Structures are given as C-alpha cells and as structure tokens.
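Summary of structural features
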Amino acid sequence: MSTQPQLYDSFEDYLVAERECIDEKHEYVGGQVFAMTGASFDHNLITTNIARGLGNQLESGSCAVLVNDMRLRIETADACTYPDVVVLCNAPAFHDGRRDVITDATLLVEVLSPSTEGYDRGGKFALYRALPEFQQYVLVAQDRFAVDVFTRQPDDRWLLEATAGADASIALGSIGCTLAHAAIYDSVRFDSPDTETAR
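Numbers given to residues run from 1 along each chain, matching the order in which its sequence is written. Local features in a predicted model are, by the rule used here, given only for residues with pLDDT of at least 70; side-chain atom pairs are given and counted only at 80 or more, and totals for whole chains, interfaces and linings are based on all residues. Hydrogens and water molecules were not included; the side-chain quantities draw on all heavy atoms of the structure.

What follows is about the state of the cysteines. Throughout, disulfides are identified as pairs of cysteine sulfur atoms within 2.5 Å of each other. Under the criterion given, the structure shown has one disulfide. Note on cysteine connectivity: C63 is disulfide-linked to C89, with sulfurs 1.9 Å apart. Given an S-S torsion of about 110 degrees, the disulfide between C63 and C89 has right-handed geometry. Here C89 lies in the loop between strand 7 (85-88) and strand 8 (101-102) and C63 lies in the loop between helix 2 (41-58) and strand 4 (64-67), a separation of 26 residues in the sequence. Like C63, the residue C89 is buried in the burial classification. Here C21 stays unpaired: no disulfide links it, and the sulfur of C80, its closest cysteine neighbor, is 13 Å away. Here a strand is any run of E in DSSP of at least two residues, a helix any run of H or I of at least four, and the numbering for each starts at the N terminus. Exposed residues in this analysis have more than 50% of their type's maximum accessible area, buried residues have under 20%, and partly exposed residues fall in between, with area computed by a 1.4 Å probe over protein chains only.

On to the nonpolar core. Of all hydrophobic cores here, the largest spans 26 residues; its most connected members are I50, L54, V138, V140, L172, I175 and I184. Those elements that place two or more of their residues in this core are helix 2, strand 7, strand 9 (107-111), strand 10 (136-140), strand 11 (146-152), strand 13 (169-172) and strand 14 (177-180). Tallying contributions element by element places helix 2 first for this core, with five residues. Contacts of I175, omitting those with residues within four sequence positions, involve L54, L58, C63, V87, C89, T106 and L107. As used here, the term nonpolar core means buried Ala, Val, Leu, Ile, Met, Phe, Trp, Tyr and Cys residues forming a set that is joined through side-chain atoms within 4.5 Å. Throughout, a residue-residue contact means that at least one pair of heavy atoms, one from each residue, lies within 4.5 Å.

With respect to the secondary-structure elements, S169 resides in strand 13. Filtering out sequence-adjacent residues up to four positions away, S169 remains in contact with T163, T178, L179, A180 and H181.

Right, let's talk about helix 1 (residues 11-20) for a bit. All buried positions along helix 1 are accounted for by F11, Y14, L15 and E18. Buried residues of helix 1, viewed axially, fall in a sector of 100 degrees; they line one side. Buried residues in helix 1 make contact with strand 2 (26-29), strand 3 (32-35), strand 5 (71-74), strand 6 (79-81) and strand 8. Regarding the arc, it is the one traced by the directions from the helix axis to the C-beta atoms.

Before going further, it helps to examine the packing of aromatic side chains. When two rings of Phe, Tyr or Trp (its six-membered ring) have centres within 6.5 Å they constitute a pair, described as stacked for plane angles under 30 degrees, edge-to-face for angles over 60, and tilted for the intermediate range. Under the defined criterion, the tally for this structure stands at 13 aromatic pairs. Ring geometry for F11 against Y28: centres 5.5 Å apart, planes inclined by 70 degrees, an arrangement best described as edge-to-face. Taken as a pair, F11 in helix 1 and Y28 in strand 2 lie far apart in primary sequence, 17 residues in all. Looking at F11, the relative accessible area reads 5%, which means it is buried. Taking relative accessible area as the criterion, Y28 reaches 1% and is therefore assigned buried. Every member of this aromatic cluster is reached through a ring pair, and the members are F125, Y128, F134, Y137, F150 and W158. A ring has a charge above it when a Lys NZ or an Arg CZ is no more than 6 Å from the ring centre and no more than 35 degrees off the ring normal. The aromatic ring of Y82 is capped on one face by K25, whose charged end is 4.9 Å from the ring centroid. Sitting above the plane of the F11 ring, R73 keeps its charged end 3.8 Å from the centroid.

In short, shape yes, function no, at least from these values alone.
Right, here's the structure in full:
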C-alpha cells in the first residue's frame with residue numbers, strides 16, 4: 001500500500017475512477033485511495049500455485065476461486081481491496097450490475113511482503129473481519145516456508161494456526177481443502193533477490 005493516499009469524496013467516486021484506470025490498481029479505505037505496487041515474480045508464482053491447487057480441489061463444486069484482479073467491497077468498513085486469492089462458496093453478490101466488485105468472501109489469501117505485511121496482518125485483517133460470510137484468512141510468506149491460517153470460531157474469535165517447513169501443510173476447513181507447503185511454494189527459490197523486494 002502506498003504511503004501517499006489520494007482522497008475521494010465517496011466510494012462511488014473512487015469506483016468510477018478505478019474502472020477507467022488502465023495501468024494501475026488502487027485500494028480504497030474510508031475516502032483514501034492507495035496505489036498498489038507491482039507484484040514480484042515469486043509473489044505471482046505463489047498466488048498462482050495457491051489458486052491452481054484450490055481450483056483443482058474445488059472443481060465442479062459450489063465454490064469459485066478468483067485471483068488478484070477481483071475487487072472486494074467491504075461495505076460496513078467503507079473499503080475496497082484486491083485480495084491475492086478469493087474463494088466464494090455462496091452465490092456471488094455484486095456491488096452493481098457491472099459484476100466487477102464482489103461484496104463477500106468465504107476465504108481470503110494475501111501473500112506477504114516487507115512493505116505490506118504489517119497492514120495485511122493488522123488493518124486489512126480488521127477490514128476483512130467485517131465480511132459476514134468470511135471464515136478463513138491465509139497469510140503466506142514469500143521468503144520462507146511459512147503460512148498462517150486464521151479461522152473464525154463460533155463465538156467470532158479468530159484462531160491462528162501457524163505452519164512452517166517444507167513438509168508442512170495447511171487445512172482449510174471452511175472450503176474442505178488441504179494445501180501442502182510443497183505445492184504452495186512450487187518452483188519458488190528463496191535465495192532469489194526477488195524475495196527480498198517489496199510485494
């Protein structure tokens with residue numbers, strides 16, 4: 001997220017401008033709009049690995065897997081983001097007839113980087129928790145085998161399961177899937193300079 005936000009009077013003003021924007025993406029929080037930086041090779045590789053792994057397991061089922069160009073509107077928090085991976089297990093609800101802004105999610109994934117990790121773990125997670133159907137939040141390191149899975153409990157507390165190591169795996173009970181770290185990090189080289197840079 002950029003440290004120099006633009007200001008808009010309303011979400012609708014932001015959305016008009018965002019839909020006209022060709023070469024940049026921006027996230028919206030309470031009237032402030034933040035330019036998103038480009039993702040690294042490893043970030044994209046991890047995102048693709050996760051989306052493919054989940055998509056294969058959910059094939060022909062009722063859940064849909066979407067990747068980082070899908071806008072997610074969080075109405076009660078007056079925010080709009082671009083999660084790295086979204087899983088929807090109910091009929092999609094859209095902000096309007098354009099069908100390019102969804103308004104809920106079952107599971108969300110963010111691939112961490114030095115420039116976004118604090119926000120993804122803190123402010124962004126707080127925004128996402130306002131989604132009524134949201135059940136699991138997955139945070140994936142891109143510089144080591146490490147994945148954190150937060151799961152909503154019946155009393156609305158969130159339980160963290162932290163996994164590490166090449167032989168570990170994560171259980172995603174909200175969608176009935178399991179992902180091995182080996183699959184998430186397939187072809188990722190941790191000694192690559194790519195893993196040291198932002199996003």
